[in-house]
Amino acid sequence: MNSFEKDWRFTRNSGKGFESAELDDSSWEKIDIPHDWAIAGPFSPDHDSEVIVDDPIEHTRKVFSHPGCTGGLPHVGKGFYRKHFELNLKPEQSARVEFDGIMSHAEVYCNGRYVGGRPYGYSSFALDLTPFVKNGTNLLAVSAENPPGASRWYPGAGIYRHARLIVAGRIHIAYCGIRVRTEGNRVTVRTEIENPSARKVVLTTRLIDPDGNEIASCQTSGDRLFHCEFIPDEVRRWQPGNPVLYKIVSILGDERHETGFGFRDLTFDSRKGFFINGIPMKFQGVCLHHDLGLAGAAVDRDITRQRRLNQLASIGCNAIRTAHNPPDPELLDLCDELGFLVICEAFDEWKRPKTPRGYNLLFEEWSERDLRDMIRRDANHPSVIMWSIGNEIPEQYYPEGPEMTRRLCGICHEEDPSRPVTAGLNNVDDSITGGLFDAIDVKGFNYKPYIYARYHAAFPDAPIYSSESASTVSSRGEYSDRLFEESGRKDNLQVDSFDLCCADSATIPDHEFKGQDDNPFVMGEFVWTGFDYLGEPTPYHREWVRSSFFGIFDLCGIPKDRAWLYRSRWSKQPTLHLMPHWNWQGFEGKEIPVQCYSSFKTVELFVNGISMGSRTRNPKKLLGAYRHVWSRVPYSPGELKAVALDEKGKALAETSVFTAGAPEQLQIDCERCGNMVFAVVSVTDRNGNLCPHASERIDIESNGKILAVDAGDPGSAKPFPLPYVNAFHGKCAAWIRNPGKTLILAKAVLNGKTVQTEITAEA
Ligand code: GAL
């Protein structure tokens, strides 16, 4: 957090004169930004609003109320922020404020006067404050307003991304004014200078290698646009697994900017797939909404790194689609650093609405600006491989679609000729008739593994990938004694974790795997979604449930079974994972389904040492090709064991699940990343076996700031900041912010006794 982000005043209100310097704001809440005013709750069905469903066949639109569609948090309405700051600008200096994103309809005032604003909550923008500031104390006032019915997921609320106050010379490098391009070993740098007096100035541009050594430098003199070029003899290439970053340092007088970039060549081959630096690579990707689960929309580098990217990397994920909006710029810095490929997506709707008061109302006036600004801001990132102009855009069915598509593609190509344009298509036929298919460079198919071959035959020059796959739903740790549940809906408003249920018109993961394996030209997939997110609780459309079931990881970042399914396909690590739990009291002698997600070909299952038979991956059987399934295993308490076998029947690996006894202990596992500590508390029996039905209340204490305590139960309405929660299938998580040595204490009454465990996370 920079010093400008500290000590703001905030009120959940807006009124006449709130921007005025005379107003006394001392009673307003004192906060730091990034800030999400709604995340603390309370949850309520009254906070959710309506969604529009566009029926492509009937061409009709219905507005209906969908409780939980945005997560049930109080994000709708107005909020006002004020920041008093000292400034002493010299005549040759300028001041500007930069916002990475304000949710939404931001209006910015300085010393009582309107400076400018930005309606789209995901767009970054900068405003020149020079004509508005005075020497001494200044006031910046920012209003934000979220209309009801403007989002299909939890959008967050307020100044939820970083902000900066920049003091520079009157002549300075423009906001997002540096563009670095590479082609082979050649680097070109174009720098735009804001220079009101059009005086000649000198710009120095240095090329710095990954070890921090300057390898070349150039000095150019001019007034507004500066170009320079380097062609080093040898360069190291950026790619997932080896994310080598170079730097351009730009110096103008006292001003110094660092821009990270990488050398990499991308090939999108319609017949052979995607290549980076000549190496074939499949997108093993996920779609991510922007919220950080328990932390809401307020951005946090440590949470993004540890509870998003590092976890995804642990299962072999190498790509992210920023569904369905421009991301936080820090996400892209981290993707550059950690080696993820990124599709930056601009919009979820154009002029035809998916929500009554969403982007459709802004499209006409703002789409060009929002799209250009996203590209100008993000084009230097080596991680970004494509620009997406939209997701399942209703215009794909309508006559005006092609022209709108061509306009948006034109903007992308003009801003960045080096990257292809894509979009997520959910109705490929209509998009062909309508021309959208033709206008985009790389075709993103949403949930269409069955038609890859057909479209490839008809359009052999069209590069194809799955922009959205699976939409499989599950609750972590939830199982019943039957394998197939058609809709996934249950009386307890959970969904079984056997990964056999998915959204309408979506598929289970296996169908997508098969579609790709049968059609190697498909460049890979982006699974919907990496993490459960707030809102969109499919398959519950009428009942109130706060969060989605789509994640490979739950809302707290705890892996669901599916994490091992994707790991078994995406990662080189040997994987052997068994489900369900083995605590089926009352089911003795009855049959329970068992599944194993494994990287091995053959797995044998045992109950208390008795073989239940082996299963060998069989590409001809859909449910036997990517998972090992025993649909009816007689239950008797004890040990459920899976043994991976080689062709000669020799054991290669094994894993067991034991019937747990009564809950007696709390176990804490924790990870630290920067200033954040992430603890997972498990309720276990005396032997350390997870108690899979444990739902006791767990209280957390810490010397750090407890940001959130939650258990990933999509039906929970407990506000995140309260320092306790009922365990969900034996587990819960606590997210604690503390730069120093952190003590975490978990307490619960288990089996009639108070139990307490503590752990220290070193700084
Ligand atoms: C897709 C849509 C996503 C999400 C998903 C849920 O059609 O693009 O935003 O709504 O369905 O299954």
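Check the entry above for the structure.
## Some thoughts on the sheet that holds strand β12 (residues 172-183)
- Taken together, the three strands give an open sheet; going across it, the order is β12-β13-β16, and neighbouring strands pair in antiparallel fashion. Sheet topology places β12 and β16 (225-230) at the edges, where each strand pairs with a single neighbour. Strand-to-strand twist of the sheet, defined as the mean angle between neighbouring strand axes without regard to direction, takes the value 15°.
- Relative to β16, strand β13 (residues 186-194) runs antiparallel, the two being bridged by six bridges. Each bridged residue has a counterpart across the sheet, and for Arg190 the counterpart in β16 is His227.

## Re the site of the ligand
- Around the ligand sit Arg152, His324, Asn391, Glu392, Tyr447, Glu468, Ser471, Ala503, Trp528, Glu536 and Phe550, and those are all the residues in its vicinity.
- Between the ligand and His324 there is a distance of 2.6 Å, counted from an oxygen atom to a side-chain nitrogen or oxygen.
- A distance of 2.6 Å is found between an oxygen atom of the ligand and a side-chain nitrogen or oxygen belonging to Ser471.
- Relative to its free-state accessible area of 310 Å², the ligand is covered by the protein chains to the extent of 89%.

## Remarks on the side chain of Thr575
- Along the chain, the position of Thr575 falls in the loop between α9 (562-570) and β30 (576-579).
- At 3.2 Å, the side chain of Thr575 and the backbone oxygen of Gln573 are in polar contact.

## Some points on the sheet that holds strand β6 (residues 93-99)
- Across the sheet, three strands lie side by side as β9-β6-β11; this open sheet has antiparallel pairing. Looking at strand neighbours, the two that pair on one side only are β9 (125-128) and β11 (163-169), the edges of this open sheet. For this sheet, the mean angle separating the axes of adjacent strands, direction not counted, is 25°.
- Summarising the sheet, β6 and β11 pair through seven bridges and their orientation is antiparallel. Counted as the bridge partner of Arg96 is Ile166 from β11.

## Remarks on the nonpolar core
- Residues Phe283, Leu371, Ile389 and Trp582 are the most contacted members of the largest nonpolar core, which totals 122 residues.
- Judged by nonpolar contacts, the second largest core, of 52 residues, contains Phe99, Ala295, Ala708 and Trp735.

## Quick word on the pairing of β9
- Every second residue of β9 is oriented toward a common face, the buried set being Phe125 and Leu127 and the non-buried set Ala126 and Asp128.
- Sheet topology places β6 next to β9; four bridges connect them, and they run antiparallel. Paired with Phe99 across the bridge in β9 is Phe125.

## Here we look at the packing of helix α1 (residues 301-314) against helix α2 (residues 329-338)
- Contact geometry of α1 with α2 gives a least axis separation of 10 Å together with a crossing angle of 55°. For the element pair α1 / α2, the angle class is oblique. In this structure, the crossing between α1 and α2 has a hand that is right-handed. Between α1 and α2, the contacting residues are Arg301, Thr304, Arg305, Leu309 and Asn310 on the first element and Glu330, Leu331, Asp333, Leu334, Cys335, Glu337 and Leu338 on the second.
- When its residues are assigned to classes, the contact of α1 with α2 shows five nonpolar, two polar and five charged.

## Quick notes on the environment of Pro574
- Along the chain, Pro574 falls in the loop between α9 and β30.
- Those residues in contact with Pro574 that lie beyond four places of it in its chain are Arg567, Ser599 and Phe600.

## Let's talk about the packing of aromatic side chains
- Following the criterion strictly, the structure yields 41 aromatic pairs and no others.
- On the numbers, 5.4 Å between centres and 90° between planes, the contact of Phe43 with Phe720 is edge-to-face. Of the two residues, Phe43 sits in the loop between β2 (29-31) and β3 (50-55) while Phe720 sits in the loop between β40 (705-710) and β41 (724-726), which places them 677 residues apart along the sequence. The pair formed by Phe43 and Phe720 is uniform in burial state, with each residue classed as buried.
- Ring plane angle 85° and centroid distance 5.5 Å describe the contact between Phe678 and Trp735, whose orientation is recorded as edge-to-face. On the criterion of sequence distance, the pair formed by Phe678 in strand β38 (residues 676-684) and Trp735 in strand β42 (residues 731-737) is long-range, its members being 57 residues apart.
- By way of ring pairs, the aromatic residues Tyr120, Tyr122, Phe347, Trp350, Tyr359 and Phe363 are connected into one cluster.
- Taking the ring centre of Phe531 as reference, the NZ or CZ of Arg308 above it sits at 4.1 Å.
- The ring of Tyr724 carries the charged tip of Lys718 above its face, separated from the ring centre by 5.6 Å.

## Here we look at helix α8 (residues 509-518)
- Along α8, the residues classified as buried are Pro509, Asp510, Glu512, Phe513, Gly515 and Gln516.
- Where the residues of α8 are buried, they touch α7 (452-458), β28 (464-470), β29 (524-528), α9 and α10 (622-625).

## Remarks on the pattern of salt bridges
- Applying the stated criterion across every chain, the model contains 50 salt bridges.
- The shortest N-O distance in the salt bridge between Glu400 and Arg352 comes to 2.6 Å. Taken together, the positions of Glu400 in the loop between β25 (384-391) and α4 (401-415) and Arg352 in the loop between β24 (341-345) and α3 (363-378) put the pair 48 residues apart, joining distant regions of the chain.
- We classify Glu400 as partly exposed; its relative accessible area is 28%.
- For Arg369, the salt bridge identified is with Asp373, shortest N-O distance 3.8 Å. One end of the pair is Arg369 and the other is Asp373, both in helix α3 and four residues apart, which spans about a single turn.
- A residue is classified by how much of its surface remains accessible, and Arg369, at 46% relative accessible area, is partly exposed.
- Through salt bridges with shared partners, a single ionic network connects Arg179, Glu368, Arg372, Arg376, Glu414 and Glu415.

Here is what the cut-offs are and how they apply
- Each chain carries its own residue numbering, running from 1 in the direction its sequence is written.
- In view of the model being predicted, local features appear only for residues whose pLDDT reaches at least 70, and side-chain atom pairs are presented and counted only at 80 or more, with totals across whole chains, interfaces and linings using the full set of residues.
- Only hydrogens and water are set aside; all other atoms, that is, all heavy atoms of the structure, feed into the side-chain values.
- Paired strands, in this sense, are two strands between which DSSP finds at least two bridges.
- Helix numbering and strand numbering both begin at the N terminus, where a helix is a DSSP run of H or I of at least 4 residues and a strand a DSSP run of E of at least 2.
- Here an axis means a line fitted to C-alpha atoms, over the contact stretch when the element is a helix, while the angle between two N-to-C directions is reported on a 0 to 180 degree scale.
- Here, proximity means that at least one heavy atom of the residue falls within 4 Å of the molecule or strand.
- We call two N or O atoms a polar contact when they sit within 3.5 Å, provided that within protein one can donate a hydrogen and the other can accept it, with sequence-adjacent residues counted only if both atoms are side-chain atoms.
- Only the protein chains shown count as cover for residues, and the accessible areas themselves come from Shrake-Rupley with a 1.4 Å probe.
- Throughout this description, the term nonpolar core refers to a set of buried Ala, Val, Leu, Ile, Met, Phe, Trp, Tyr and Cys residues connected via side-chain atoms within 4.5 Å.
- Buried, partly exposed and exposed residues are distinguished by accessible area as a fraction of the type maximum, computed with a 1.4 Å probe on protein chains only: under 20%, between the cut-offs, and over 50%, respectively.
- An angle below 35 degrees is read as roughly parallel, one above 145 as roughly antiparallel, one from 65 to 115 as roughly perpendicular, and any other as oblique.
- Crossing handedness follows the turn of the near helix against the far one: under a right angle anticlockwise gives a left-handed crossing, and clockwise gives a right-handed one.
- Note on contacts: a residue pair qualifies if any of its non-hydrogen atoms lie within 4.5 Å across the two residues.
- Lys, Arg, Asp and Glu make up the charged group, whereas Ala, Val, Leu, Ile, Met, Phe, Trp, Tyr, Cys and Pro make up the nonpolar group; the residues left over, Gly among them, are polar.
- Pairing of aromatic rings covers Phe, Tyr and the six-membered ring of Trp, with a centre-to-centre limit of 6.5 Å; geometry is then stacked below 30 degrees between planes, edge-to-face above 60, and tilted otherwise.
- Throughout this description, the term charge over a ring refers to an Arg CZ or Lys NZ atom that lies within 6 Å of the ring centre and within 35 degrees of the ring normal.
- Counted as salt bridges are all cases of a side-chain nitrogen of Lys or Arg within 4 Å of a carboxyl oxygen of Asp or Glu.

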